[in-house]
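Chains, contacts and geometry: an overview
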Amino acid sequence: MGGGIWWIICVVTAVVQCYVVLEDFDNYDSWKGDWAFSNGPEFPGAEGDLGPGKGYGEQVPTGGALLSFDFTAGGSYVGMLASYDSSTTLCDMVSFWVSTPPCGAAAVFRVTDETSQTFQVMLPPEADESGWARYVVDVHTLTNYWGGNNDGIFHGGISAIELILDHNNLPTNMRQGSVVFDQLECYAYGESVYPTITFIPFDVYVDTWRFNKKIHSLLGVNIHFVEPDVDALYAARLIGFGFVRMDLTWSEVEKTKGEYDFSGYDKLVQALQTFSMKALFILDYGNPLYYDGPQPYDGTYGPSSLEYQTAYANFARAAAQHFNINQLVGLELWNEPNIENFWHPVSPANYASMAHLALEQIKLANPQMPVMLGGLSTVDTGFLDSVLSSQNFSVTSFTSVHPYRTNNPETYYTEMQCARDDVTSHLGIRVPVINGEWGYSSAWYGSGSDTINLEKQALYCIRELLYSFYTNTTLTVWYDLMNDGTSDTDPEHNFGLLYPSDYEPKPNYKAVEAFYSIMVPDAVDHTFSFYSTDTTISHVKCLIIDDIEKEVAVLWETRDDVIQPIDLDLTRASIPLFYDMYGNKLTGVSCDETALLCHLDLDGSAGPVYVIREY
């Protein structure tokens, strides 16, 4: 409550742990006088307001602080500002909840110390399917600062807090909207920022959605070979990958105008069928027979003339005629046309024109063949919006994005939802947006061969796949199957699941293998039901996967540096078995068989925990 009374909450555990509620925003009349609206006056033009809104977990519409914005006339940000007595507001960490910012916008936290030195951090997008994210900010680790002592050291207590919505990269058609802040709390080092939560893991009454699929039908992996490598393909199928993604290189298939030779790819498809796998072929890149760009020939120069684009469409038609849906997951129209590496100069209009011609020809030749649009680097909603605005792609089967990031995979949800909303708004129907290529390189975090970096890659790999199930994503493609070289520093050499020289599995392979072995111990994949259970807090996930023999609750903490205490209420189930990310029996779980309660500390850095209940 601004400069007024704070709530002090104490939780009795082994020790008494206390924290200060700076503002719970439950009663608008009690906090409206302490908080002031700011239109970011140093960047004129923004307008907005501050009022009551529906807070996190609230059943009433007035339990949070709703910050509305209007950037139609310009401006950079809007905020809500409160002042405090720095002699009594001695916080090491500040936590708060934020609702999902509008697509392209960003929430910002700003805090001022007793010397009037202001610190600021732009908050990464962490809101998930609940529509909320909880942030815990250590005021002593912030590196963006100005004013006051201007030395980067947080002095004394807090004298002001400002919660901000920055327009960042808002699309021009979304310049108005709002965001809600809730439950602003102050913690000292040593206090429990994450109190114990209790929930029922096997609760069929609170599942939010359900779908039935075979695991291998959901998972693919990138490869970089046409000549079949049966050992690599076998290794992929053994841990649940049901298809591979691979370039179907135009210039290799059509070397004489109008003549198409798919024989090399036929061998690959035949080898895949041996393992009950399919292919997702990327129709790329240019072809010197029709090249219309500057000399010398450049296969990543984007086709712009009608002749060049028509020739590509004819190539796409030939592929659709040659292959069938028992062999392919689908045909993808180019790879990452939104970045200069693969299409230059970048042109949404040229890509849309070519893709539309190709889509028409594929559907004329083989109406059942699935077609994937995009294959976009990152979740580039700006490029996607321009493409969908210029042509009618209503008969496309999927839109593909590549949501690469170096941090935790669950942060992709907001971006993916923005892409889904954009596709639906343009096409008028729900066309799935898939994770068409996504991986983590162990070299992003230092030496690619260091154990700690390989373990982090494994952690993010398995969570990427699990979160794709959790968000009901139709297809997910891991990049990639093999390391592409032996350098410890080149990121491209360190994405794989296997080492190339001897097919030795990396830790990420072992993590996926453990998941698949738990779910399919007999190696005979069958249909599972996938659904989620409410854990009462957004950064802990519970994915339920079951069949006629067992039910598995997969639990994980989405924040790497957090250990979340959990009590599992098993009143509707017997005491289950617990396994770690690599399939080892988990130690440190205490269960009370009389009370049917199990306690575990869910460590974000240790990966998911598999809780298995056999029927």
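Presented here is an overview of the structure given in this document. From a predicted model like this one, the values you see are computed outputs, not experimental measurements. (Residues numbered from 1 in each chain as written. Predicted model: local features only at pLDDT ≥ 70, side-chain atom pairs only at ≥ 80, totals over all residues. Heavy atoms only, no water.)

With that settled, the discussion passes to the overall build of the protein. The helix and strand tally for the protein stands at 10 helices and 31 strands. Here the protein has a C-alpha radius of gyration of 26 Å; the compact-globule value for 615 residues is 25 Å, and the two agree. Referenced to the eigenvectors of the C-alpha coordinate spread, the extents of the protein come out at roughly 80 × 65 × 45 Å. Classification of the 615 residues of the protein by burial places 56% in the buried group. For the protein, long-range pairs separated by at least 24 residues make up 73% of all intrachain contacts whose partners lie at least 6 apart in sequence. For the protein, the accessible surface area stands at approximately 24100 Å², while carbon and sulfur atoms represent 51% of it. Charged side chains in the protein number 29 positive and 79 negative. The centres of these two groups are separated by 8 Å. (Helix = DSSP H or I, 4+ residues; strand = E, 2+ residues; numbered from the N terminus. Rg over C-alpha atoms; globule rule 2.2 N^0.38 Å. Buried < 20%, exposed > 50% of the residue type's maximum accessible area, 1.4 Å probe, protein only. Contact = heavy atoms within 4.5 Å. Areas by Shrake-Rupley, 256 points an atom, 1.4 Å probe, with all protein chains shown as cover. Lys, Arg positive; Asp, Glu negative; His and termini not counted. Charge placed at Lys NZ, Arg CZ, Asp CG, Glu CD.)

Another aspect to go through is helix α8 (residues 413–427). For an α-helix the count is 3.6 residues per turn, leaving residues at separations of three or four pointing the same way. Compared with an ideal rise of 1.5 Å per residue, which puts 15 residues at 21 Å, α8 spans 21 Å between its outermost C-alpha atoms and is within 8% of the ideal. For α8, the set of buried residues is Y413, T414, M416, C418, A419, R420, D422, V423 and L427. Close packing links the buried residues of α8 with α7 (381–390), β21 (398–402), β22 (433–438) and α9 (451–470). Just downstream of α8 lies G428, where phi reads positive at about 75°. (Expected span 1.5 Å × (residues − 1).)

With that settled, consider the pattern of salt bridges. All chains considered together, the criterion is met by 11 salt bridges. A salt bridge links K257 to E307; the shortest N-O distance between them is 3.9 Å. Taken together, the residues K257 in the loop between α3 (250–253) and α4 (263–274) and E307 in helix α5 (residues 306–322) connect sequence positions 50 residues apart. For E307, a relative accessible area of 52% gives the class exposed. (Salt bridge = Lys/Arg side-chain N within 4 Å of Asp/Glu carboxyl O.)

Right, let's get into the state of the cysteines. Throughout the structure, instances matching the rule amount to 3 disulfides. Between the sulfur of C91 and that of C186 lies a disulfide, 1.7 Å long from S to S. As the torsion about the S-S bond is roughly -115°, the C91-C186 disulfide counts as left-handed. Here C186 lies in strand β13 (residues 176–187) and C91 lies in the loop between β6 (77–83) and β7 (93–99), a separation of 95 residues in the sequence. (Disulfide = S-S within 2.5 Å.)

Orientation of α9 relative to helix α10 (residues 507–519), taken along the N-to-C sense of each, is 35°, at an axis distance of 7 Å. In this structure, α9 crosses over α10, and the sense of that crossing is right-handed. Residues L454, Q457, A458, C461, I462, L465, L466 and F469 of α9 form the contact with α10, whose own contacting residues are P507, N508, A511, V512 and F515. Tallied by class, residues from the contact of α9 with α10 come to 11 nonpolar, 2 polar and no charged. (Axes fitted to C-alpha atoms, helices over the stretch in contact; angles between N-to-C directions. Left-handed = near helix turned anticlockwise from the far one by under 90°. Nonpolar A, V, L, I, M, F, W, Y, C, P; charged D, E, K, R; others polar.)

Judged by how many residues are buried, strand β20 (residues 371–377) sits mostly within the fold: 7 of 7 residues are covered. Two strands pair when backbone bridges link them, and strand β19 (residues 328–333) and β20 are joined in this way by 2 bridges, in the parallel orientation. By the bridge assignment, L331 is partnered in β20 with V371. Each parallel crossover has a hand, and for β19 linked through helix α6 (residues 348–365) to β20 it is right-handed. Bridge analysis of β20 against β21 gives 5 bridges, and the strand direction is parallel. Of the residues in β21, the one forming a bridge with L373 is T399. The β-α-β motif built from β20, the intervening α7 and the parallel element β21 has right-handed crossover chirality. (Pairing = 2+ DSSP bridges. Right-handed = clockwise from strand over helix to strand, strands pointing away.)

Without other data, these values stay purely geometric and don't point to any function.
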